[in-house]
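Summary of structural features
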Amino acid sequence: MNAAASPDDTLIRIRGLTTVLNGKKVFDALDMDIPRGRVTAIMGPSGTGKTTLLKHITGQMHGDAGQILVDGRNVPDLSREALYALREKIGYLFQNSALLTDFDVFENVAFPLRQHTKLPEVLIRNLVLTKLQAVGLRGAAQLMPSELSGGMARRVALARAIVFDPMLILYDEPFVGLDPIALNQVLKLIRTLNETLGITSVLVAHELEAIKQVADHIFLIANGKVVAQGDPRTIADDGSPWTRQFFGGDADGPVPFQYPAGDYAEALGFPRSGA
Amino acid sequence: MNARIERDNVVTQALGQIGNCGVFLLQILAAIPRSLRYGRETVRQLWFVGAMSLTIIMTCGLFVGMVLELQLYHVLSMFGSTSMSGTVVAIATYRELGPVVTALLFAGRAGTAITAEIGLMRATDQISAMELMAVDPLAYVAAPRFLAGLVAMPLLCCVFCALAVFGGHLVGVSWLGIDNGTFWSNMTATVDVWQDIVSGVIWKSLAFGAVVALIAVYQGYTAPPTSEGVAYATTRTVVASSIAILALDFVLTAFLM
């Protein structure tokens with residue numbers, strides 16, 4: 001399993017990314033190298049900007065400073081046409097699936113093909129059914145999104161994300177709401193796509209056990225920076241207070257469990273000791 | 001002092017909204033050439049905002065014509081001019097009631113539906129998903145709905161006017177006994193195609209269609225992605241459209257008369 005990639009093997013290179021949202025510094029000169037053809041997991045406490053980082057990579061958001069090079073192109077500098085051309089090579093799995101509610105499962109998966117190609121209907125049908133078979137939902141092709149469970153919708157969204165055989169897939173919380181069977185199948189699928197097609201995968205997730213099975217490398221981000229990185233099986237043992245607290249699930253540590261607030265006793269109306 | 005600051009804020013916000021809406025209109029106009037490849041989506045929207053609005057437009061047109069004829073008959077009978085009631089129904093409908101009432105109904109029926117649909121698409125990340133699939137939502141979502149509104153409004157207005165005249169005929173000729181030949185001959189002799197139909201029905205309804213469709217799409221597109229945000233946006237569509245229709249009607253009437 002890889003630890004650090006050489007510059008030529010890096011698909012996404014982030015340098016000095018600084019983003020301030022509503023007065024809060026979400027990223028503080030963040031540096032990150034995501035290797036090509038590997039499965040990389042980005043982990044961190046809630047609210048540290050993991051999904052925001054994916055939005056920066058896809059050009060949905062731009063930082064206040066820094067570079068985000070995807071396949072050698074700096075995303076904030078791209079024109080609309082160039083950004084759309086890049087996005088055609090990127091698959092994105094949303095937390096809430098984001099299926100188009102007017103279309104059935106088949107048409108949702110076929111949507112990118114219909115928009116960007118002039119393939120004959122027979123070929124579109126075969127491609128869509130192949131992807132649906134891969135996620136185990138070929139039989140659900142005629143169902144509407146409202147008829148799907150959360151886990152099924154996630155798998156349809158995954159089929160849609162891979163229908164173009166992209167060079168990069170970004171998974172935003174892909175394991176939430178999946179039953180153990182579906183979870184295992186999705187893990188296998190991520191691994192298979194990575195190994196057989198050489199697709200680079202970036203996962204934002206919290207499930208360490210699932211991450212251990214699928215990821216080659218983990219970045220742990222907190223306070224706007226990468227605070228730890230390494231092999232999924234050994235990162236928890238690196239001894240830093242960040243990894244100890246995050247992987248140990250401790251309330252006490254560098255990441256405060258309590259949102260900043262005033263004095264607790266005062267809020268409850270108790271007299272202050274010594275007053 | 002506070003009341004003045006609050007009033008200034010409201011005015012500033014309203015002007016900001018109008019400015020943003022203007023910028024959004026330019027973005028939609030720029031997206032129209034790109035949206036031509038989504039012709040099927042435009043036709044689908046035309047069906048949704050046009051054909052699906054026919055029932056309410058036809059029903060209201062019929063009753064507006066019937067009520068107008070009834071009122072006019074009683075007023076004109078005092079002057080012995082009941083034979084002109086059909087003509088007044090036609091002119092009033094073509095010049096004012098047709099475009100204005102159709103636009104108000106259109107805002108309530110189709111405008112709110114457009115806002116709610118786009119607002120929910122944004123709340124459920126469907127708009128973001130399109131952007132990430134390299135499909136321009138301005139060209140795929142906004143422009144087809146805007147074009148559909150622009151095309152549907154004049155057609156709906158024609159239907160409204162036809163049903164209003166039919167309603168007037170029903171009450172005036174069939175019920176109140178006005179002579180059929182007098183009813184139609186007075187109308188055809190008085191109604192001017194350019195002044196009443198082209199200026200009234202076509203130009204006004206085109207302008208109202210553009211305004212209502214723009215407001216509906218803009219409110220949906222900028223709605224906060226929450227259930228409350230979508231609800232407020234839908235309400236704002238009706239309120240802003242109604243005010244815009246009536247204000248624009250005054251301006252257009254002043255210029256077209």
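Residues numbered from 1 in each chain as written. Chains lettered and ligands numbered in written order. Predicted model: local features only at pLDDT ≥ 70, side-chain atom pairs only at ≥ 80, totals over all residues.

1. Description of the interface of chain B and chain A
Listed as interface residues are ten residues of chain B and, on the opposing side, 15 residues of chain A. Grouping the amino acids of the side of chain B that touches chain A by side-chain chemistry returns five nonpolar, three polar and two charged. (Contact = placed C-beta atoms within 7 Å. Nonpolar A, V, L, I, M, F, W, Y, C, P; charged D, E, K, R; others polar.)

2. Details of unusual backbone geometry
All names here are of chain A. Of note in the backbone geometry, Asn22 takes a positive phi value of approximately 50° without being a glycine. Mapped onto the fold, Asn22 is located in the loop between strand S1 (10-21) and strand S2 (24-35). You can call Asn22 exposed: it has 5 C-beta atoms within 10 Å. Within the chain, Ala98 stands out as a residue other than glycine whose phi angle is a positive 55°. (Helix = DSSP H or I, 4+ residues; strand = E, 2+ residues; numbered from the N terminus. Buried ≥ 20, exposed ≤ 12 C-beta atoms within 10 Å, placed from the backbone.)

3. Thoughts on the sheet that holds strand S4 (residues 65-70) of chain A
Residues and elements named next belong to chain A. The antiparallel open sheet is built from four strands, whose spatial order is S2-S1-S4-S5. In this open sheet, the two strands that pair with only one neighbour each are S2 and strand S5 (73-74). Sheet analysis places S4 next to S5, joined by two bridges and oriented antiparallel. Looking at the pairing, Val70 lines up with Arg73 of S5. (Pairing = 2+ DSSP bridges.)

4. Brief notes about the nonpolar core
Grouped together as the largest cluster of nonpolar side chains are 139 residues, with contacts concentrated most on Leu170 of chain A together with Val217 of chain B. A total of 19 residues in this core trace back to one element, the largest contributor, which is helix H6 (residues 137-175) of chain B. Ignoring any residue separated from it by four or fewer positions in sequence, one finds Val217 of chain B in contact with Ile114, Ile118, Ala142, Arg145 and Phe146 of chain B. (Core = buried A, V, L, I, M, F, W, Y, C linked by C-beta atoms within 7 Å.)

5. Some words on the pairing of strand S6 (residues 90-93) of chain A
Residues and elements named next belong to chain A. Of the two faces of S6, both are covered, the one formed by Ile90 and Tyr92 as well as the one formed by Gly91 and Leu93. Sheet topology note: the S6/strand S7 (residues 168-172) ladder contains four bridges and is parallel. Bridge pairing in S7 places Gly91 opposite Ile169.

6. Brief notes about the sheet that holds strand S3 (residues 39-43) of chain A
All names here are of chain A. Spatially, the six strands line up as an open sheet ordered S6-S7-S8-S3-S9-S10, and their pairing is mixed. With partners counted over all chains shown, the strands left at the sheet margins are S6 and strand S10 (225-230), one partner each. Direction aside, neighbouring strands of the sheet carry axes that sit 20° apart on average. Note: S3 against strand S9 (residues 217-222), four bridges, orientation parallel. Opposite Ile42, over in S9, you have Phe219 as the bridge partner. Helix H5 (residues 150-162) contacts S6 and S7 of the sheet and is inclined by roughly 170° relative to S6. Contacting S9 and S10, helix H8 (residues 241-248) crosses the sheet at an angle of about 100° to S9. (Axes fitted to C-alpha atoms, helices over the stretch in contact; angles between N-to-C directions.)

7. Considering the pairing of S10 of chain A
Residue and element names in this part refer to chain A. The sheet contact formed by S9 and S10 spans five bridges and is antiparallel. Directly across from Phe219, in S10, lies its bridge partner Gln229. In this structure, the hairpin formed by S9 and S10 is closed by a connection of two residues, where Asn223 is found at a positive phi of approximately 50°.

8. Quick notes on the UniProt feature "domain: ABC transporter" (unreviewed entry) in chain A
Sequence positions flagged by UniProt for "domain: ABC transporter" (unreviewed entry) are, in local numbering, residues 12-248 of chain A. The span residues 12-248 of chain A is 37% helical and 26% strand by assignment, and the distance between its end C-alpha atoms comes to 29 Å. (UniProt positions renumbered as here; feature names shortened; annotations may be inferred.)

9. Considering helix H9 (residues 227-256) of chain B
Compared with an ideal rise of 1.5 Å per residue, which puts 30 residues at 44 Å, H9 of chain B spans 42 Å between its outermost C-alpha atoms and is within 8% of the ideal. Within H9 of chain B the residues assigned to the buried category are Val230, Ala233, Thr234, Thr237, Ala240, Ser241, Ala244 and Ile245 of chain B. (Expected span 1.5 Å × (residues − 1).)

10. Examining the packing of helix H4 (residues 85-123) of chain B against helix H7 (residues 180-190) of chain B
All names here are of chain B. Remark: H4 packs on H7, axes separated minimally by 8 Å, with the N-to-C direction vectors making an angle of 45°. Viewed along their axes, H4 and H7 adopt a mutual orientation that is oblique. Here H4 runs over H7; the crossing is right-handed. Here Gly86, Thr87, Ala90 and Ile91 of H4 lie close against H7, whose contacting residues are Phe183, Asn186, Met187 and Thr190. Its residues assigned to classes, the contact of H4 with H7 shows four nonpolar, four polar and no charged. (Parallel < 35°, antiparallel > 145°, perpendicular 65-115°, else oblique. Left-handed = near helix turned anticlockwise from the far one by under 90°.)

11. Quick look at the environment of Phe166 of chain B
All names here are of chain B. Residue placement: Phe166 occurs in helix H6. According to the C-beta neighbour criterion, Phe166 is partly exposed, with 15 such atoms within 10 Å. The sequence separation of Phe166 and Ala90 amounts to 76 residues, and the corresponding C-alpha distance is 9.7 Å.

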